[in-house]
Amino acid sequence: NSKIFISTSVIYDLQINEPTNLTTVYMAFGLDYKYNDKYSLELRHQTPRLIGSDTWLVEYKTLSIIFGYSLF
């Protein structure tokens, strides 16, 4: 009735406001648990992103907990 698996995502970030239309690639990794093919729980981490302009720069990090329910 229980399943545990890992997931990986590739994220393409296209900055269309920049003069060169810069594209950056990021990754996300998850550890997932599914119970009875109805309820799910995922812990997902994305690699850090750099967001900013010429005058400021911020490192953006995320760690998510995702709850799910399957209807069918």
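This report concerns the structure included in the present document. (Residues numbered from 1 in each chain as written. Predicted model: local features only at pLDDT ≥ 70, side-chain atom pairs only at ≥ 80, totals over all residues. Heavy atoms only, no water.)

## A closer look at the packing of aromatic side chains
Centre distance and the angle of the planes are the two values used to describe a pair of aromatic rings.
1) Next: Taken as a whole, this structure holds one aromatic pair when the rule is applied.
2) Next: Ring geometry for Tyr-39 and Tyr-69: centres 5.3 Å apart, planes at 55 degrees, overall tilted. Of the two residues, Tyr-39 is situated in strand S3 (residues 39-52) and Tyr-69 in strand S4 (residues 57-69); the sequence distance between them amounts to 30 residues.
3) Next: The positively charged end of Arg-49 is found above the aromatic ring belonging to Tyr-26, 5.0 Å away from the centroid. (Phe/Tyr/Trp six-rings, centres within 6.5 Å; stacked < 30°, edge-to-face > 60°. Helix = DSSP H or I, 4+ residues; strand = E, 2+ residues; numbered from the N terminus. Lys NZ or Arg CZ within 6 Å of the ring centre and 35° of its normal.)

## Concerning the pattern of salt bridges
1) Next: The final tally for this structure, using the stated rule, is three salt bridges.
2) Next: The salt bridge partner of Lys-3 is Asp-37, with a shortest N-O separation of 2.8 Å. Of this pair, Lys-3 sits in strand S1 (residues 2-14) while Asp-37 sits in the loop between strand S2 (23-35) and S3, and the two are 34 residues apart along the sequence.
3) Next: Assessed through its relative accessible area of 43%, Asp-37 is described here as partly exposed. (Salt bridge = Lys/Arg side-chain N within 4 Å of Asp/Glu carboxyl O. Buried < 20%, exposed > 50% of the residue type's maximum accessible area, 1.4 Å probe, protein only.)

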